[in-house]
Number of protein chains: 2
Amino acid sequence: MTEPAKPDVAATPAPVKKHARDGKSSATIYDIARVAGVNPSTVSRALSKPGRVSAKTQKLIEDAAAELNYHVNPFARALPTGRTSTFGLIVADITNPTFFDIIRGAGATATARDYTLVLADSAESAVTELTTARRMMATVDGLILASPRMDDDDIRALARDKPVVVINREVDGVPCVVPDVNKGISEAVRSLAANGHKKVAYVAGPSQSWMSAQRWDGVRSACEWSRLEAVRLESSKPTVDGGRQAAREVLASGATAVLTYNDLLAIGLMRELQAAGLMVPDQISIVGFDDIFGADFTTPPLTTVRSPLGECGSGAATILLDHLAGTGAETPDTLRVETELVLRGSSGRLIPAK
Amino acid sequence: MTEPAKPDVAATPAPVKKHARDGKSSATIYDIARVAGVNPSTVSRALSKPGRVSAKTQKLIEDAAAELNYHVNPFARALPTGRTSTFGLIVADITNPTFFDIIRGAGATATARDYTLVLADSAESAVTELTTARRMMATVDGLILASPRMDDDDIRALARDKPVVVINREVDGVPCVVPDVNKGISEAVRSLAANGHKKVAYVAGPSQSWMSAQRWDGVRSACEWSRLEAVRLESSKPTVDGGRQAAREVLASGATAVLTYNDLLAIGLMRELQAAGLMVPDQISIVGFDDIFGADFTTPPLTTVRSPLGECGSGAATILLDHLAGTGAETPDTLRVETELVLRGSSGRLIPAK
DNA sequence: TTGTACGCGTTATCAG
DNA sequence: CTGATAACGCGTACAA
């Protein structure tokens, strides 16, 4: 696509190299040293660890640096130290709103602590995920994996190389940040029970998804506790389309209330059910997970169990950065954050058919 | 938040340095050279430019590399060459769905051409945008600016340093990728005219937005052509909330059809209007721009003018990468892509009040 | 406190 | 076609 024509390379009159490396390339510590009349190593010290140099030479050097518009060369710095002031974040799908707040949260604490965040997308594939992770490992100081699809063992292998933090999944021996689903789910189920529902369906996500299993566990035990019947259904994929396709099974199950693995499924399901003539929530209640962007665009707006994804992102970044600051043997284990029910219009009292 | 307890640093028995740099750090070309019985420089040649070395030594080296699980060190490579096989993409807001497809498109062609995409968010601020851009310039080979908020001059200054491509805006002297709004807008306006509308409002975006100006121009001239009255209204910010706030002015304007700078505004506007008791589209038609994720979640689903954002992203990346491949003096100028109307439920025939 | 000298892993420039 | 050697820009023991 958009390939420029190849043939017209013939008559290239003046091969004007723009962006040339020649001439006044950016200044180095040597230039500063010359201007300030000191040794390059002194410049290095002054610019990295303030305090290891006398006050006046410090100022001398800083002035020269400012004048020469000096910027450190990250590569030259990374070579001897091995540190890049950079960490990676890999998400399954950049366009999945679930990850927005995670990205924001991680990004915010990154810049707050003078780190650069490198973001990558694994296209929902376990193998590309591993590939990207490996590629990244070469350029970053640490890695955050959000809802990873790869094996526990692969994650641990990565973690042996450099610090790794996992979000939305528990992996033994690796620091994790996971929402505790129980509070949000039990609120949701209690609300459903109070509204006259007797049978609840859970539409599951991808089979490799640790989080989907968690949620099903939570739903099942909450239902048990509230003396509701719980049934688990499968979905083809955790998207709006997947939700549409799940509608048949949901109907067939006889459940009057549905929780879905995520909001995308919930939205698709709701639309398909409405298209089939059902009233939401009068005839069937629908509850999603995550409270993604757009969850309140629907009619009725979606009831959902919200995870504090922003906190997850910033929490993971904090753990990672603390780990990198490396005061020693911190084993932050797993950080749990609370979930809560966001009650909107898609769930409510069941109106018995006449 | 989530600060780990500091005090318990006391009893740290074995300061086990995990992730140590010591011992079997990753293999270098020297290791390969030793194993293959050749000179390091030969290894370098064999691994970078295939063909500049005899077939059998080539294989020898490749085998050794594979055995030692060798990976190039990007920093060491970048130091002498100045090239990083990396380019940056700066968007105003990662959580704004408008940019999804741009990101995807750029990311896809990046990996297709063995480049790594570094993504950054400017938090909708012109100054952070410039700051991040400058920071990035040190680590990337080139830069893509999507809907930049900074001055033309700043962009040109950046472009003097390294190749820059701009999306959604035209900047003199810099390669640009811009959707041509005219086709989509004229389709939209013709449709409105055919449905009995006489007066059309345009709710504008940020004043610095080049694209917002383009769209207003398009709306005005299309209305002129169709003999409709066109009026321009302002918005506080290009978000759902901004759309809500614009509802009063829209009502006051007397227009029966509204085009908004983007879908977010359209969604907010529609919800507020509906909350006020208006029927969409019977009493008022609403048309957005971009066809973002969630635009069809609303009731009625949103009519919108779609830009091929994916194409924009991949197109910009292609231009940039071709530029970097640098066969010489390609001046791709600006690449225009077509827009089209996506007709959904939020626009339609005007039902005259009795 | 500051200067000296060397290494980080790779590419580029020469000879051979 | 291949081997030696000098950069690339910065950090850092070590010595002064």
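About the cut-offs
Numbers given for residues are sequential positions, taken from 1 along each chain in its written order. Just so you know, chain letters begin at A and ligand numbers begin at 1, following the order they were written in. In keeping with the predicted nature of the model, local features appear solely for residues at pLDDT of at least 70, side-chain atom pairs appear and are counted solely at 80 or more, and the whole-chain, interface and lining totals rest on all residues. By convention in this description, side-chain values take in all heavy atoms of the structure and omit both hydrogens and water. In this description a helix means any DSSP run of H or I spanning at least four residues, a strand means any run of E spanning at least two, and both kinds are numbered starting from the N terminus. Radius of gyration: C-alpha atoms only; globule rule: 2.2 Å multiplied by the number of residues to the exponent 0.38. With a 1.4 Å probe rolled over the protein chains alone, any residue whose accessible area is under 20% of its type maximum counts as buried; one over 50% counts as exposed, and the rest are partly exposed. For this analysis, residues touch if any pair of their heavy atoms sits within 4.5 Å. Using a 1.4 Å probe, the Shrake-Rupley method yields the accessible areas, and only the shown protein chains count as cover for residues. By the counting rule applied here, Lys and Arg register as positive and Asp and Glu as negative, while His and the ends of each chain are not counted. A single reference atom marks each charge: NZ on Lys, CZ on Arg, CG on Asp, CD on Glu. By convention in this text, a residue qualifies as near a molecule or strand provided that one of its non-hydrogen atoms is within 4 Å of it. Throughout this description, a polar contact denotes any pair of N or O atoms lying within 3.5 Å of each other; where both atoms belong to protein, one of them has to be capable of donating a hydrogen while the other can accept it, and for residues adjacent in sequence the pair is counted only when both atoms sit in side chains. Should DSSP find at least two bridges between two strands, the strands are taken to pair. Angles here are taken between N-to-C directions and fall from 0 to 180 degrees, while the axes themselves are lines fitted to C-alpha atoms, restricted in helices to the stretch in contact. Two parts lose some accessible area (1.4 Å probe) when they are put together, and adding that loss for both gives the buried area. For this analysis, a salt bridge means a side-chain nitrogen from Lys or Arg found within 4 Å of a carboxyl oxygen belonging to Asp or Glu. For this classification, the nonpolar set comprises Ala, Val, Leu, Ile, Met, Phe, Trp, Tyr, Cys and Pro, the charged set comprises Asp, Glu, Lys and Arg, and every other residue, Gly included, is treated as polar. Residue ranges for the domains trace back to a domain assignment, done automatically or taken from a database. UniProt positions are given in the numbering used here, feature names are shortened, and annotations may be inferred rather than shown by experiment.

- Labelled according to an unreviewed UniProt entry, chain A appears under the name LacI family DNA-binding transcriptional regulator, originating from Arthrobacter humicola.

## A word on the overall build of chain A
- When helices and strands are counted, chain A shows twelve helices and twelve strands.
- Computed over C-alpha atoms, the radius of gyration of chain A comes to 27 Å, more than 25% over the 20 Å expected from 2.2 N^0.38 for 354 residues, which places it beyond the range of a compact globule.
- Structurally, chain A occupies a C-alpha span of about 95 × 60 × 35 Å along its principal axes.
- Counting across all 354 residues of chain A, residues that qualify as buried make up 51%.
- A sequence separation of at least 24 residues applies to 68% of the contacts in chain A between residues at least 6 apart.
- About 16500 Å² of surface is accessible on chain A, with carbon and sulfur atoms providing 53% of the total.
- For chain A, the centre of its 39 positive side-chain charges and the centre of its 41 negative side-chain charges are spaced 3 Å apart.

## Remarks on the side chain of T303 of chain B
- With respect to the helices and strands, the residue T303 of chain B is situated in strand β10 (residues 303-306).
- Exposure remark for T303 of chain B: the relative accessible area of 1% places this residue in the buried category.

## Structural notes on the protein's contact with DNA strand C
- T42 and R45 of chain A together with S44, Y70 and R77 of chain B are the nearest of the 26 residues found near DNA strand C.
- The contact atoms of DNA strand C, taken as those within 4 Å of the protein, divide so that sugar and phosphate hold 66%.
- At a separation of 3.4 Å, a base nitrogen of DNA strand C approaches a polar backbone atom of A76 of chain B.
- The separation between a phosphate oxygen of DNA strand C and a polar side-chain atom of R77 of chain B is 2.7 Å.
- Counting only elements with at least two residues in the surface near DNA strand C, the list comes to α2 (40-48) and α4 (74-81) of chain A together with α1 (29-36), α2 (40-48) and α4 (74-81) of chain B.
- Among the elements that line the surface near DNA strand C, the one with the most residues is α4 of chain B, at five residues.

## Some details on the sheet that holds strand β5 (residues 176-180) of chain A
All names here are of chain A.
- Within the open sheet, the six strands sit side by side as β2-β1-β3-β4-β5-β11. Their pairing is parallel. Whereas interior strands pair on both sides, the edge strands pair on one side only; in this sheet they are β2 (116-121) and β11 (334-338). Neighbour to neighbour, the strand axes of the sheet diverge by 20° on average, direction disregarded.
- Where strand β4 (residues 164-167) meets β5, two bridges bridge the pair, whose relative direction is parallel. Bridging across to β5, V166 finds its partner in C176.

## Concerning the interface of chain B and chain A
- Tallying the contact residues gives 58 residues for chain B and 59 residues for chain A.
- In total, chain B and chain A occlude about 4700 Å² of area from one another, counting both sides; carbon and sulfur atoms represent 64% of this.
- At the boundary of chain B with chain A, the tally comes to four salt bridges.
- Between D121 of chain B and R104 of chain A there is a salt bridge whose closest N-O contact spans 3.0 Å.
- In this structure, the connection of chain B to chain A is made through nine residue pairs in polar contact (both at pLDDT 80 or more).
- Elements with a minimum of two residues in the side of chain B that touches chain A: α4, α5 (100-112), β2 (116-121), α7 (152-161), α11 (263-275) and α12 (309-325) of chain B.
- In terms of residue count, the dominant contributor to the side of chain B that touches chain A is α4 of chain B (seven residues).
- Of the residues that constitute the side of chain B that touches chain A, the class distribution is 27 nonpolar, 17 polar and 14 charged.

## What about the domain arrangement of chain A?
Residues and elements named next belong to chain A.
- Each assigned domain of chain A is listed here: domain 1 (17-72), domain 2 (85-179 + 309-336) and domain 3 (180-307).
- With ten residues of domain 2 at the contact, the number on the domain 3 side is nine residues.
- Each partner contributes to the roughly 1200 Å² buried at the junction of domain 2 and domain 3, and carbon and sulfur atoms together form 63% of this total.
- Considering only the side of domain 2, the residues that lose the most area to domain 3 are R149, P179 and L309, jointly responsible for 42% of the buried surface there.
- Counting the contacts that link domain 2 with domain 3 gives zero salt bridges.
- The tally of links from domain 2 across to domain 3 stands at two residue pairs in polar contact (both at pLDDT 80 or more).
- Taken together, the residues of the side of domain 2 that touches domain 3 sort by class into five nonpolar, three polar and two charged.

## Quick look at the protein's contact with DNA strand D
- Looking at DNA strand D, there are 25 residues lining it, with I29 and Y70 of chain A together with N39, T42 and R45 of chain B nearest.
- Measuring from a phosphate oxygen of DNA strand D, one finds a side-chain N or O atom of Y70 of chain A at 2.5 Å.
- Between a base nitrogen of DNA strand D and a main-chain N or O atom of A76 of chain A, the distance comes to 3.3 Å.
- Put simply, the parts of the chain that give the surface near DNA strand D at least two residues each are α1 (29-36), α2 and α4 of chain A together with α2 and α4 of chain B.
- With five residues, α4 of chain A is the largest single contributor of residues to the surface near DNA strand D.
- Residues that form the surface near DNA strand D fall into these classes: eleven nonpolar, ten polar and four charged.

## Remarks on the UniProt feature "domain: HTH lacI-type" (unreviewed entry) in chain A
- Here, the residues flagged by UniProt with the feature "domain: HTH lacI-type" (unreviewed entry) are residues 27-81 of chain A.
- In residues 27-81 of chain A, the share of helix is 69% and the share of strand is 0%. The end C-alpha atoms are 21 Å apart.

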